[in-house]
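If you want the building blocks of each chain, they are given just below.
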Amino acid sequence: MKENLISIIMNCYNGEKYLKESLNSIISQTYQNWELIFWDNKSTDQSKNIFLNYKDIRFKYFYSEINTGLGEARLNAYKKTNGQYIAFLDCDDLWNKNKLEKQILKFKDEKVGIVITDTIFFKEKGNSRQLYKNKTPPTGFIIDKLLENYFISLETVLLKKSYIEKLDHSFDPQFNHLSDYDLIIRLSLICKLAYCPEVLAKWRIHDSNESVLKPNLFNIEKKYFVSKIKSKFPEIINNNLNSWEKLKIKIIVNDLIYFILTKKNKDPRKVIKKYIFKDYKISILLLLSYIPLSKYVLRLIKKIANL
């Protein structure tokens, strides 16, 4: 029986530094029936030349005439896919050689539409962290768990395309950083999530990661996500009220952390009053907002942010 085709989406903007490593980790896959959709988001470095130097017919190059946000770039790349399954690898991340082979087996359960694995967050020099060390993420129909604490790293994800096609849209171009977050939460309404309990991927931490450079952009997009769900998918809220409230509180907590770290003195103190008794982290952060920043205060803030 012929193996199912997996479409791998790689979005690239000036990714020359680590691109060869990422491409080689795809080529080395033990599961060989894949295509690579390489979406060049108008790079100005050597990314194109590096990619085209590979002569594998499964490598498919697409060039964007304009540089777009990542959500729109992912959407454009997705439109070029031909596979029954969709995987993602950014041009600075890595896969273990048997990642796809092990994940594809999880789709024997026809209700499974999302499969994830464990992963390592690593730096070139310095400490690394295993995402699910000493814990197992929830599986099954888990939209409530994802709203409450989104725990998925995109380089680990494999999606069943037939479930994506049941949604009214795939990637939302209005998102830059959270297009995958939005897609996977909506997918979790209609399919199960399965987990491969092995480290099968690596996510590279470096100074040009958007999450390092502009952490509050993620929170801004979560606010857009909240407004989108309110207007278009109220059933998500109605069926998951407790988790929805926790998501909103987490957004407020992150706003307050940003406020403390940047020393801005407007919001969210005005907003915080109606939530002050709903979560202990909010009360602690509100107190910390009146204390001069120090190493001790920063350590406390970091702990609260990770709770």
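Above this text is the structure in question.
To keep things clear, this report deals only with the structure shown in the data block.

Criteria and thresholds
- Residues numbered from 1 in each chain as written.
- Predicted model: local features only at pLDDT ≥ 70, side-chain atom pairs only at ≥ 80, totals over all residues.
- Heavy atoms only, no water.
- Phe/Tyr/Trp six-rings, centres within 6.5 Å; stacked < 30°, edge-to-face > 60°.
- Helix = DSSP H or I, 4+ residues; strand = E, 2+ residues; numbered from the N terminus.
- Buried < 20%, exposed > 50% of the residue type's maximum accessible area, 1.4 Å probe, protein only.
- Lys NZ or Arg CZ within 6 Å of the ring centre and 35° of its normal.
- Patch = residues over 30% accessible without salt bridge, like charges linked within 9 Å, V, L, I, M, F, W, Y side chains within 5 Å.
- Areas by Shrake-Rupley, 256 points an atom, 1.4 Å probe, with all protein chains shown as cover.
- Salt bridge = Lys/Arg side-chain N within 4 Å of Asp/Glu carboxyl O.
- Pairing = 2+ DSSP bridges.

## As for the packing of aromatic side chains
- Scanning the entire structure with this criterion turns up 16 aromatic pairs.
- Both rings, one in F38 and one in F51, keep their centres 4.2 Å apart while their planes meet at 20 degrees; by these two values the pair is stacked. With F38 in strand β2 (residues 34–40) and F51 in helix α2 (residues 47–52), this pair connects stretches of sequence that are 13 residues apart. For the pair formed by F38 and F51, the shared burial category is buried.
- For the ring pair Y181 and F225, a centre distance of 5.0 Å and an interplane angle of 75 degrees mean the geometry is edge-to-face. Residue Y181 is found in helix α7 (residues 179–187), and its partner F225 is found in helix α9 (residues 216–232); the two are separated by 44 residues along the sequence. Here the two residues Y181 and F225 agree in accessibility, since each one is buried.
- What links up through ring pairs into an aromatic cluster is the set W34, F38, F51, Y54, F59 and Y61.
- Directly above the aromatic system of W34 lies the positively charged group of R58, at a separation of 3.8 Å from the ring centroid.
- Here the basic side chain of K99 rests over the ring of W95, its NZ or CZ set 4.4 Å away from the ring centre.

## Quick word on a nonpolar patch on the surface
- A cluster of nonpolar residues, L261, L293 and L298, forms a patch on the protein surface that exposes about 230 Å² of accessible area.
- Along the chain, L293 turns up in the loop between α13 (280–288) and α14 (295–305).
- Among the residues examined, L293 registers a relative accessible area of 33% and is labelled partly exposed.

## Details of the pairing of strand β1 (residues 6–12)
- Among the seven residues of β1, seven are classified as buried, and the element is accordingly described as predominantly covered.
- The alternating pattern of β1 places I6, I8, M10 and C12 on one face and S7, I9 and N11 on the opposite face, and all of these are buried.
- For β1 and β2, the ladder comprises seven bridges, and the chain directions are parallel. The partner of M10 across the bridge, within β2, is F38.
- Both β1 and strand β4 (residues 85–88) contribute to a ladder of four bridges, which runs parallel.

Nothing here speaks to function; it is geometry throughout.
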